[in-house]
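# Overview (structure and organization)
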Amino acid sequence: MSDSAHLTEAERQTLADGSMATRQARGLQAHLRACPSCAADVDRLRMIARRYGEPAPRDPVLAGLWPEIRSRIERRKVVPIPPAAASPRPAPSLRRSVLLIAGTAAGLAAAAVLWLRPARLGPGPVSDQVRARDSIQALVLVADSIRSYRDEAQVLLDRLELQRAMIRPEAMASIERDLGVIDRSIEELELAIQRDPRNPTLRQLLVSSYRQKVEVLKRVGNAG
Amino acid sequence: MPGDRRLLLGVVVLALGASGAVQGPADGRLLAGRAVRPTVAIKAWNAAGSIRFVGWSKDSVVVRGEVGRNVRFLLSQDGDAMKLIAEQERDGSGASPSASHLVAWVPRQSALSVKTVSADITADGVGGWFYSVSGNLRITGSARSIEAETMTGNLDLDVACLWVRARAGSGRLDLRGATEAADLSTISGDLRVATSSLLRAQIASVTGDIRFAATPTAAAIVDVSDHSGSVEVVLPDNASAELALTSIAGSIENGVTGSSAMAPPSRSLNLRLGRGESRFIVRTFTGPIRLKMQPTNAGWPELR
């Protein structure tokens, strides 16, 4: 500790971020107990460090691995969806988790179909029967994907309500503006789907809008 | 601070002073300098003003700049992680945070995690995660991967990078340079892509206009979705691509001459250019789709 009555800046910062040696930190704890000014400052620094620490960004190592992982996923994408079998209804909380997991899996599979489907436009004959089967399968998968995104968006909207007071007003205004734009597009698409339920493009656009909504809501965590 | 580390830091600071061509007083006063591992993870926070990162080949971090009034500057290190924070002293006063203008030189292989409220972010030759509520982001140079998000600011990416994920709200998003995989979206901001190295791209907007102007790579798959904004695809006249363009209620303008349509249903246009080695899927709800060709020798106009 310095000769002055208070802890030095370095002592306060290293105490706050936990990088001070234990023995030295123990010695300074006595001063903190006796000095409300230093104690408040160290608490504040800890709060800043804690607040800054959330949410954790993506692991840089994982981010570097992502392109290879993505390409491996693309190679292995298969979409065998067995016909739904009758099964007892699980408990509500479990059912929601199962729905979310299944929906996410279906969403990934749908994305795979949408992503890879244009490959079928390549040279070589593709029978009408195969096209029709693919089209129906794609419709089912896209519908599952929409359901999955819709559920996820609702969970995130509930969370947004809880976090609303902690979000900066300018960020909240921006979030609400963006959500308004997306919700209008979703309304238009849902109306159009009611008129033309078998149109795959409408459903793919709806998936895209829901995906945008989920991503805006996920960004809320960063806007605090 | 142990003696050897203090000595090392002294050497670093002296060395930095000697390499004025890279950084120097023109960037503001020296705020801090630390010796680090080349792969250090750096979290940075600056609410207002600007923060610029420059990747360099030294194993050290140096920060220069001007710290705003009542702003506490902190550069702390814990193993391979480092925090660079410019934080307003008093929160809750209602006053806007004072602007700090920081420039940090960091190892090229370091991984950044940068967050601001209104401060602009600039990075050159270093990758990571970049987020701002309303600040503009400009990222250039080579990096391993880049994730960039802003709610109302503009995003300008001119990078050589394997993987880019970028999100903008009402601001503009530009991607140039050389990127293999890109996942790009805006809500109402315009989105422009001019990179000829893409292998996979997912590009989406809700009401913003999308413009793709580049030579597609063989085997590339580019997926474009827009609700009510327009989509313009500009390809060179020797492009080798298959295109599936669909608009529910918008027009499709085919600027390609001599192309052969493939069994077009209503409101959609499928066509093949050359050997059809790359694939474009474009879909809109009400936005128009325009397909244009550009003479090969015309080059690509730089995005401004």
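Preceding this paragraph is the structure being described.
Cut-offs used in this document
Residues numbered from 1 in each chain as written. Chains lettered and ligands numbered in written order. Predicted model: local features only at pLDDT ≥ 70, side-chain atom pairs only at ≥ 80, totals over all residues. Heavy atoms only, no water. Helix = DSSP H or I, 4+ residues; strand = E, 2+ residues; numbered from the N terminus. Expected span 1.5 Å × (residues − 1). Buried < 20%, exposed > 50% of the residue type's maximum accessible area, 1.4 Å probe, protein only. Polar contact = N/O pair within 3.5 Å; in protein donor to acceptor, adjacent residues only side chain to side chain. Phe/Tyr/Trp six-rings, centres within 6.5 Å; stacked < 30°, edge-to-face > 60°. Lys NZ or Arg CZ within 6 Å of the ring centre and 35° of its normal. Pairing = 2+ DSSP bridges.

All names here are of chain A. Counted at 1.5 Å a residue, the expected span for helix H8 (residues 200–219) with its 20 residues is 28 Å, and the 29 Å between its end C-alpha atoms agrees. Here H8 lies mainly inside the structure; 18 of its 20 residues are buried. At the N-terminal end of H8, a side-chain oxygen is found 2.9 Å from the backbone nitrogen of Thr201, two or three residues along, and the residue is Asn199.

This part takes up the packing of aromatic side chains. Residue and element names in this part refer to chain B. Taken as a whole, this structure holds three aromatic pairs over all chains when the rule is applied. Relative to Trp105, the ring of Trp56 has its centre 6.4 Å away and its plane inclined at 40°; by these criteria the two rings are tilted. Linking Trp56 in strand E3 (residues 49–56) with Trp105 in strand E7 (residues 100–107), this pair joins segments that are 49 residues apart in sequence. Both residues of the pair, Trp56 and Trp105, belong to the buried class. Between Trp129 and Tyr131, the ring centres sit 5.9 Å apart and the planes meet at 10°, which makes this aromatic pair stacked. The burial state of Trp129 is the same as that of Tyr131; both residues are buried. The positively charged end of Lys58 is found above the aromatic ring belonging to Trp56, 5.4 Å away from the centroid.

Moving on: unusual backbone geometry. All names here are of chain B. For Asn70, which is not glycine, the phi torsion reads 60° and is therefore positive. With respect to the secondary-structure elements, Asn70 resides in the loop between strand E4 (60–66) and strand E5 (71–78). Positive phi outside glycine occurs at Ala219, with the angle close to 75°. When you line up the elements, Ala219 lands in the loop between strand E16 (210–213) and strand E17 (221–226). Given the relative accessible area of 45%, Ala219 is considered partly exposed.

With that settled, consider the pairing of strand E19 (residues 241–247) of chain B. Residue and element names in this part refer to chain B. In terms of burial, E19 is largely enclosed, as seven of its seven residues are buried. Because side chains alternate across E19, one face comprises the buried residues Ala241, Leu243, Leu245 and Ser247, and the other comprises Glu242, Ala244 and Thr246, equally buried. Direction of pairing for E19 relative to strand E22 (residues 268–273): antiparallel, over a ladder of six bridges. When the bridges of E22 are listed, Thr246 appears paired with Ser268. Alignment of E19 against strand E23 (residues 278–284), held across seven bridges, turns out to be parallel. By the bridge assignment, Leu243 is partnered in E23 with Phe280.

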